[in-house]
Amino acid sequence: MSSSHAAARRTWWREVGWRHVAALVAVGFALFPIVFVVSAAVNPLGTLSSTQLAPTGASLDNFANLLTTTSFPRWFLNSVLIAGFAAFAAVFISTLAAYAFSRMRFRGRRVGLLALLLIQMFPQFLAIVTIFLMFTTITEYWPAVGFNTSAGLMLLYLGGALGVNTWLTKGFLDTVPRELDESATVDGASHVQIFFRIMLPLITPILAVTALLVFIATINDFLIANVFLTQDDSKTLAVGMYGMIAGQRNANFGMFAAGTLLTAIPTVVVFQVLQRYIVHGLTAGAVKG
Amino acid sequence: MRLFLKALLLGLVVAIAIWAAFPLIETGAWVGLGILVATTAGILYLYLSRRHIPAKYLVPGTLFLIAFQLFPVLYTVSTAFTNFGDGHRGDKEQAIVSIQTASVRQLPGSPEYALSVATAGEPATGELVFLLRDSGTGEVFAGDQDGLTGVPAGEVNVGLDGRVNEAAGYTILDTGQASARSDEITDLAVPTDQGAILAAGLSRAYEGRALRSYDRQCDCVVDTETGVRYYADPAEGSFIADSGERLVPGWRVNVGFDNFTRALTDSRIAGPFLGTLVWNFAFALGSVGFTFALGVAIALALHSDRLRGRAYYRVLLVLPYAMPAFAMLLVWRDMFNADFGLINRLFGLDVDWMGGPWSARGSVLLVNTWLGYPYMFLIATGALQAIPREMTEAARIDGAGPWHAFRRVTLPLLMVALTPLLIASFAFNFNNFNAIYLTSGGGPFPPDSPQAGATDLLITYTYRLAFGGAGAEYGFAAAISVYIFLIVAVVSAVAFRRTRQQEEVFR
């Protein structure tokens, strides 16, 4: 081996090689709990104490048990519906408001923006007693949107639609040049047409990011859903699965792991679809220059 | 087309309003109906007029915000000034009724009734009604928890045993149905002027006199058996005797700032409260710090065009973020399990991770770092890509080493982009209920403070106060919620001001 070869190898190592090592270590740290979950899911014994880090067996028993003995399919449907609707509605409502904040001047605009940030700092959950009392009354009058209904929970989540997301979207809208609005107005477009035909298509990255964030947050919500949904059929994945191992921590672990993997599917799918928007969207308007 | 859509949507609004109005009209809830009508009229006016354009965009979100965020928050804050909780749930009248009916004893000579248990609804679930026939006078009454109402003789049929066996508008429960609901039957007390009517078995009822009754003139409850007087204390919301004995239940009263000062001055609570506050800050700062450091470090390591397979690394590294957080928290909890957990088994250890305060704290920080670093990694990657390459190259040409170039050029630019997100992450982790509750449950709990554990955040402490087993204290929990809100708001405001983010908001 000539010395220039050796020098090239040293440079490669210094500039690229160590990066591979670092990345592999990081991947190891990231993946080992996930590998453990996979291992538990395919473990034929299905208990916590018998599961090793690496999969020891390959059995679909846990999946079968999960789908047949619990209401998992129902929970899955509930969660996906609620999270999907919440994401769609929240993005729409939030973008409407962001459009007003960005493009229009009106009294109370600055105060409104600050108020949005401020209100979101009081976590909705802390008002849970009041919400419980409110919904006890609502369930009496309009049971279709009361406790144990997906519709009621969706309405409750919409309370948090205006917030940090509105602020992010507004920032993104601010980067769209006003000349577009002006030329469209000159061409005779109304504000509604400008909103739907021009603005929305231009800000799809931030819409995608917001939808993803709301989707993930809604699927993961445990606390509010736990108070709201007490009947087995109406539960979401978070509430149902928590109940599954609340009592039987050791015995039901295999089923729980199987459920976790299945729950990850919608999130990973949405994530992959929106991936190219995410990195761009999260830092848009923040880096100056 | 536009007009058609508008008409359709507004028609939908009106249809919903009408559907919602029916139950309100049926029960005579005029205030609610008024609000509904006013809101619907307001919406119609807004969208039919040509003016108020900003409002058209803001109203949908604001309506939900007011109903499900603003109103509950304001109401919760108002309960912080009361002693709402177990034993102080209703108003004074309800407390009096409850005390009286609980003290009813059958006294000799009190009227006896032949009882038929009935309901106006379904036999298994409808609200119970006692159909009572006074054995002496033969009059029939219908009694429920609101009191007695007379039933005309023509509407009932009395059987040979002296009990009502048919009544218009009621279904009489047979023995089997009544036995199934015997608990509810025992609990039902029909209030009367002198006491209450209680069931004795399934076919007889008696009127008892309340041993304790309320005397309006002295504003006290008098126990006729012992003669003790319990005076109403409006400051405490209870009836208290001279000996200090209290009657349960009490009622809800305004206690001013008592809840707030109690958190800071009551020696049993102040210590744990302040301790929890300190740990709360440490946890939030630590979470942000560790996730940021790890995320940026990995982003830097992968930030090289010469690194092949970058895209694959990225997909794998982001996986923790895509997995359902609530489930992974529970998985981590079980990995740290002292007996069956993976970590103890894999490394041959025997550490009770969640049993010791510092190991528990370390564990939850580790878990939260695992959950949070992908987010930081993603945004750091995006920010790094947005930094023009010329800047770092210029620094290199000037002779700066890689570490120097990072510190003086890259890092400041990164911070500009990421600071708002760091602040948001701090606010999120300050109230990260799931990360603590699902892993350590807030524990371990020192023996002298069973409500506040070593890893408790203010929010988990508050949750336990409101929903824990040891007697719900909603008013106190609400006061702590206000503290949490003030802390997060102040810290965020200060941080925002320092980054001069206000310039963006005020543009």
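Residues numbered from 1 in each chain as written. Chains lettered and ligands numbered in written order. Predicted model: local features only at pLDDT ≥ 70, side-chain atom pairs only at ≥ 80, totals over all residues. Heavy atoms only, no water.

Right, let's talk about the overall build of chain A for a bit. Along its length, chain A carries 13 helices and zero strands. The C-alpha radius of gyration of chain A comes to 25 Å, more than 25% above the 19 Å expected for a compact globule of 289 residues. If you line up chain A on its principal axes, its C-alpha atoms span 80 × 70 × 30 Å. Here chain A holds 289 residues, and 54% of them are scored as buried. Of the contacts formed within chain A by residues at least 6 apart in sequence, a portion of 71% connects residues at least 24 apart. In the structure as shown, chain A presents an accessible area of about 12600 Å², 66% of it carried by carbon and sulfur atoms. Seen as two clouds, the 17 positive and the 11 negative side-chain charges of chain A have centres 12 Å apart. (Helix = DSSP H or I, 4+ residues; strand = E, 2+ residues; numbered from the N terminus. Rg over C-alpha atoms; globule rule 2.2 N^0.38 Å. Buried < 20%, exposed > 50% of the residue type's maximum accessible area, 1.4 Å probe, protein only. Contact = heavy atoms within 4.5 Å. Areas by Shrake-Rupley, 256 points an atom, 1.4 Å probe, with all protein chains shown as cover. Lys, Arg positive; Asp, Glu negative; His and termini not counted. Charge placed at Lys NZ, Arg CZ, Asp CG, Glu CD.)

Residue and element names in this part refer to chain B. Counted by the stated rule, this structure contains one disulfide over all chains. Here C218 engages in a disulfide with C220; their sulfurs sit 1.8 Å apart. Given an S-S torsion of about -60°, the disulfide between C218 and C220 has left-handed geometry. For C220, a relative accessible area of 0% translates into the label buried. (Disulfide = S-S within 2.5 Å.)

For the rest of this paragraph, the subject is the side chain of N252 of chain A. Residue and element names in this part refer to chain A. For N252, the location among the structural elements is in the loop between α12 (237-247) and α13 (253-283). You can call N252 buried: its relative accessible area is 19%. Of note is the side chain of N252, whose polar atom sits 2.9 Å from the backbone oxygen of M244. For N252, the residues in contact, after removing those within four places along its chain, are G46, M244 and I245. (Polar contact = N/O pair within 3.5 Å; in protein donor to acceptor, adjacent residues only side chain to side chain.)

This part takes up empty space enclosed by the protein. Sizing a probe to match a water molecule and rolling it over the atoms shows the empty space that remains. A full pass over the atoms with the stated rule returns five cavities of 30 Å³ or more. Each pocket or cavity is described by its volume, and for the largest cavity that value is around 120 Å³. As for the largest cavity, its lining consists of 16 residues, and the residues nearest its centre are L126 and V129 of chain A together with T76, Y474 and A477 of chain B. Of all the secondary structure elements, the ones that give two or more residues to the lining of the largest cavity are α5 (128-141) of chain A together with α3 (53-79), α16 (458-467) and α17 (474-498) of chain B. Counted by class, the lining of the largest cavity contains 11 nonpolar, five polar and no charged residues. (1 Å grid on protein atoms, 1.4 Å probe; cavity = no way out; pocket = protein on both sides within 12 Å on 5 of 7 lines; lining within 4 Å. Points joined across faces, edges and corners; volume = space filled by probe spheres on them. Nonpolar A, V, L, I, M, F, W, Y, C, P; charged D, E, K, R; others polar.)

The next thing to look at is the pairing of strand β15 (residues 238-241) of chain B. In the case of a regular strand, side chains alternate between the two sheet surfaces. Residue and element names in this part refer to chain B. Neither face of β15 is open: one carries S238 and I240, the other F239 and A241, and all of them are buried. Relative to β15, strand β14 (residues 229-233) runs antiparallel, the two sharing four bridges. Bridged to A232 within β15 is F239. What sits between β14 and β15 in their antiparallel hairpin is a turn of four residues, with G237 showing a positive phi close to 75°. (Pairing = 2+ DSSP bridges.)

Attention now moves to helix α4 (residues 92-102) of chain B. Residue and element names in this part refer to chain B. Every buried residue of α4 is accounted for by A95, I96 and I99. Across the axial projection of α4, the buried residues extend over an arc of 100°, all falling on one side. On the buried face of α4, the contacting elements are β12 (212-215), β13 (220-223) and β15. (Arc of directions from axis to C-beta.)

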